[in-house]
Amino acid sequence: MRAVVYQGPFSVAVEEVPDPEIKHPNDVIVKITSSCICGSDLHMYEGRTAAEPGIVFGHENMGVIEDVGSAVKTLSVGDRVVMPFNVGCGFCKNCQRGFTGFCLTVNPGFAGGAYGYVAMGPWVGGQAEYIQVPYADFNCLPLPSGDAFEWDFSLLADIFPTGYHGAELADVSPGESVAVWGAGPVGLMATYSCIIRGAAEVYTIDHVQERLDMAGDIGGIPINFDVGDPVEQIRDMRGGDGVDKTIDAVGYQAAAQGSSAAGGEQTEIPNVVLNQMIDLINPTGIMGIPGLYVPSDPGGVDEGAKRGSLAINFGKLFEKGLKLGTGQCNVKQYNAYLRDLIISGKATPSFVVSHEVPLDDAVDAYHKFDQRIDGYTKVILKP
Ligand SMILES: NC(=O)c1ccc[n+]([C@@H]2O[C@H](COP(=O)([O-])OP(=O)(O)OC[C@H]3O[C@@H](n4cnc5c(N)ncnc54)[C@H](O)[C@@H]3O)[C@@H](O)[C@H]2O)c1
Ligand SMILES: [Zn+2]
Ligand SMILES: [Zn+2]
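Source: prediction; values computed, not measured.

(A) Summary view of the environment of T191. Mapped onto the elements of the fold, T191 is located in helix α6 (residues 185–196). Note on T191: 32 C-beta atoms within 10 Å, which makes it buried. Measuring from C-alpha to C-alpha, the distance between T191 and T348 comes to 13 Å, with 157 residues separating the pair along the chain. Residues in contact with T191, not counting those within four places in the same chain, are V180, V202, T204, A215, I218 and G220.

Right under this line is the structure:
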C-alpha cells in the first residue's frame, strides 16, 4: 500500500510499504477514508524529536473495517470507525482508570502508545491506505454508516478531544474567563470546548491571522501577540483583571513576539507561554497544558531546553496557589460524548479544516502546513 514515510528533517515521501495484517485475534484492519496531519507530526517532521527515517506517520485515523480477527466481538466488516490516537489495551491499571494515554501494555517499558509516532510503540501510522488496529473492540469508536460528518468525525481521533482535554485539565466551568495560547487546531478546539462548556470570555492568542479570524468566528476574542505582550493586552481589556483559567495549546516550540508568523525565521522561547500563563492567571486558578513538552529536544535553544528543562516562575505559581494539569489526552474519556455532540448538531468542529487533499499530495501539504502558509490550518489526507 501507499503511505507517508518520514525521510529526515523537512522531508516526507509517499512510498510503497507492506500491507498491514491481522497479527492477533482482537485486531482489525481499517481501510482509511480520512487521516489528518497534526501539529504533533511537525515536531517529528522538523527533526525536533528522536524520530528516525522510515516511520509511517499518521495518528488521526478513520475509515471502514476491511477485516476482523477471530476474537473481535463488537465490530464487523463494513463498520465505520474512528480510532483515538492513543493505543490502549483496556485492562491495565491506567486504562482501567480511564488514563488510556498512559497504557502500560501497548508500549512495553513506557506509559503510553500511539500510531505513527516516535517512542510510542510499534504501531504503524494511518497516513496510508490501511491500518492495523490492536485491541480493536477497545480502540475503535463506532460511527453512523455513510459519509455524513466525515470531517467532524475525523477530528475525534485527536484534536477535538485534545482541545476538550485542555478545558477539562483547567476545569473550565460556566461563566469563567479563560485565555488559550495558540490558535492552531488544538487551540481552536480548546477555545471551542471552553465555549461549549459555558465560559463567559475566551481570549485566543496567536500571530497567524487566518487562525485568529477562525477563533473570532466561533466567539473567541482574538489576541495577536505580535502587536504587543498578550498579558498586557488582555489585562487592558479587562480593566486590570487577569483570567480564571489558562490553557497552553502551543507547547515547547513557542515563538517569540515578532518572529515570522508564516514561514521565515522563527525565534523560539520554549518557556514563554508557561510564564505568561502564570503571569495572567488570577490567584487559585488552574492551568491546562495539552501543548507538548519533551524530555529530549535535539534542536533545543540551549542546553536546558535540549533536555526539556525549562525555567518557569515557580515562586509566582506557588504564591498564587495555582494548579496545573499536563499530558497526552486520554481520547477515549471524551470521544463518544463529543461524537454525540456532533450527531446532535451541537458541535461542528470541522470549521477548523482548511484543506482536504489526496494522500499523494502529502509532500506539498506537509511543507505548507509546516510553513503555516496559504491558510493551511488543518489538512485531511484522502488515500
Ligand atoms: N496533549 C496531547 O495529547 C496533544 C495532542 C495533539 C497535539 N498536541 C500538541 O498541541 C500543540 C498544538 O498542536 P496544533 O496541532 O494546534 O499545532 P500548530 O503548530 O498547528 O499550532 C500551534 C500554534 O501556536 C502558535 N504559537 C506559536 N508561538 C506562540 C506563542 N508564543 N503564543 C501564542 N501562540 C503561539 C502558532 O502560531 C500556531 O498557530 C502541539 O504542541 C502539539 O504537539 C498535544
Ligand atoms: Zn494529532
Ligand atoms: Zn492499557
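Having put the structure on the table, let's press on.
(B) Region of the structure containing helix α13 (residues 362–371). Among the residues of α13, A362, A365, Y366 and F369 are the ones counted as buried. Buried positions in α13, seen along its axis, are confined to an arc of 100° and lie on one side of it. Residues of α13 that are buried in the fold lie against β1 (2–8), β2 (11–16), β3 (28–37), α1 (39–45), β14 (355–358) and β15 (379–382). Two residues or fewer past α13, R372 is found with a positive phi of approximately 55°.

(C) Summary view of the domain arrangement of the chain. According to the domain assignment, the chain contains domain 1 (2–158 + 330–382) and domain 2 (162–326). A C-alpha centroid distance of 26 Å is found between domain 1 and domain 2. In this complex, domain 1 contributes 20 residues to the contact, which on the side of domain 2 involves 25 residues. The greatest single-element share of the side of domain 1 that touches domain 2, amounting to 3 residues, is contributed by α1. Along the lines of polarity and charge, the residues of the side of domain 1 that touches domain 2 split into 8 nonpolar, 8 polar and 4 charged.

(D) Quick look at the pairing of strand β11 (residues 243–248). Burial of β11 is extensive: 6 of the 6 residues sit out of reach of the surface. Two elements, strand β8 (residues 177–181) and β11, share 4 bridges in a ladder whose sense is parallel. Its bridge partner being in β11, W181 is matched across the sheet by D248. Of the pairings in the sheet, the one linking β11 to strand β12 (residues 281–289) comprises 4 bridges and is parallel in character. Counterpart to I247 in the pairing with β12 is G288.

(E) Focus on the site of ligand 1. Surrounding ligand 1, one finds 32 residues, the nearest of these being G39, G182, G184, G251 and L292. Elements supplying a minimum of two residues to the shell around ligand 1: α1, α6, β9 (201–206) and α9 (272–280). Sort the elements by how many residues they give to the shell around ligand 1 and α1 lands first, with 4 residues. Its residues placed into classes, the shell around ligand 1 shows 18 nonpolar, 11 polar and 3 charged.

(F) Layout of the nonpolar core. Formed by 113 residues in total, the largest nonpolar core has its most connected members in V28, V30, V81, V82, V178, V180 and M189. Residue contributions to this core reach at least three from each of two domains, namely domain 1 (2–158 + 330–382) and domain 2 (162–326). Here V30 is in contact with G63, V64, I65, E66, V81, Y130, I131 and V133, once residues within four sequence places are set aside.

(G) How the structure looks around the sheet that holds strand β10 (residues 221–224). On the basis of which strands lie adjacent, the open sheet formed by 6 strands has the order β10-β9-β8-β11-β12-β13 and parallel pairing. Bordering the open sheet on either side are β10 and β13 (323–326), each of which pairs with just one other strand. On average, each strand axis in the sheet is tilted by 20° relative to the strand beside it, whichever way the strands run. Packing of α9 onto the sheet brings it into contact with β8, β11 and β12, and relative to β11 it is tilted by some 170°.

(H) Inspection of unusual backbone geometry at higher detail. For T284, which is not glycine, the phi torsion reads 75° and is therefore positive. With respect to the secondary-structure elements, T284 resides in strand β12. A positive phi is found at D374, a non-glycine position, where the angle reads about 55°. Residue position: D374 is located in the loop between α13 and β15.

(I) Main features of the confidence of the model for the chain. Summary statistics for the chain give a mean pLDDT of 96 and a share of 98% for residues scoring 70 or more. Taken element by element, the chain is modelled with least confidence in helix α10 (residues 303–306), mean pLDDT 92, and with most confidence in β8, mean pLDDT 99.

Cut-off values and rules
- Residues numbered from 1 in each chain as written.
- Chains lettered and ligands numbered in written order.
- Predicted model: local features only at pLDDT ≥ 70, side-chain atom pairs only at ≥ 80, totals over all residues.
- Helix = DSSP H or I, 4+ residues; strand = E, 2+ residues; numbered from the N terminus.
- Buried ≥ 20, exposed ≤ 12 C-beta atoms within 10 Å, placed from the backbone.
- Contact = placed C-beta atoms within 7 Å.
- Arc of directions from axis to C-beta.
- Domains from an automatic or database assignment.
- Nonpolar A, V, L, I, M, F, W, Y, C, P; charged D, E, K, R; others polar.
- Pairing = 2+ DSSP bridges.
- Near = placed C-beta within 6 Å.
- Core = buried A, V, L, I, M, F, W, Y, C linked by C-beta atoms within 7 Å.
- Axes fitted to C-alpha atoms, helices over the stretch in contact; angles between N-to-C directions.
- pLDDT = per-residue confidence, 0-100.

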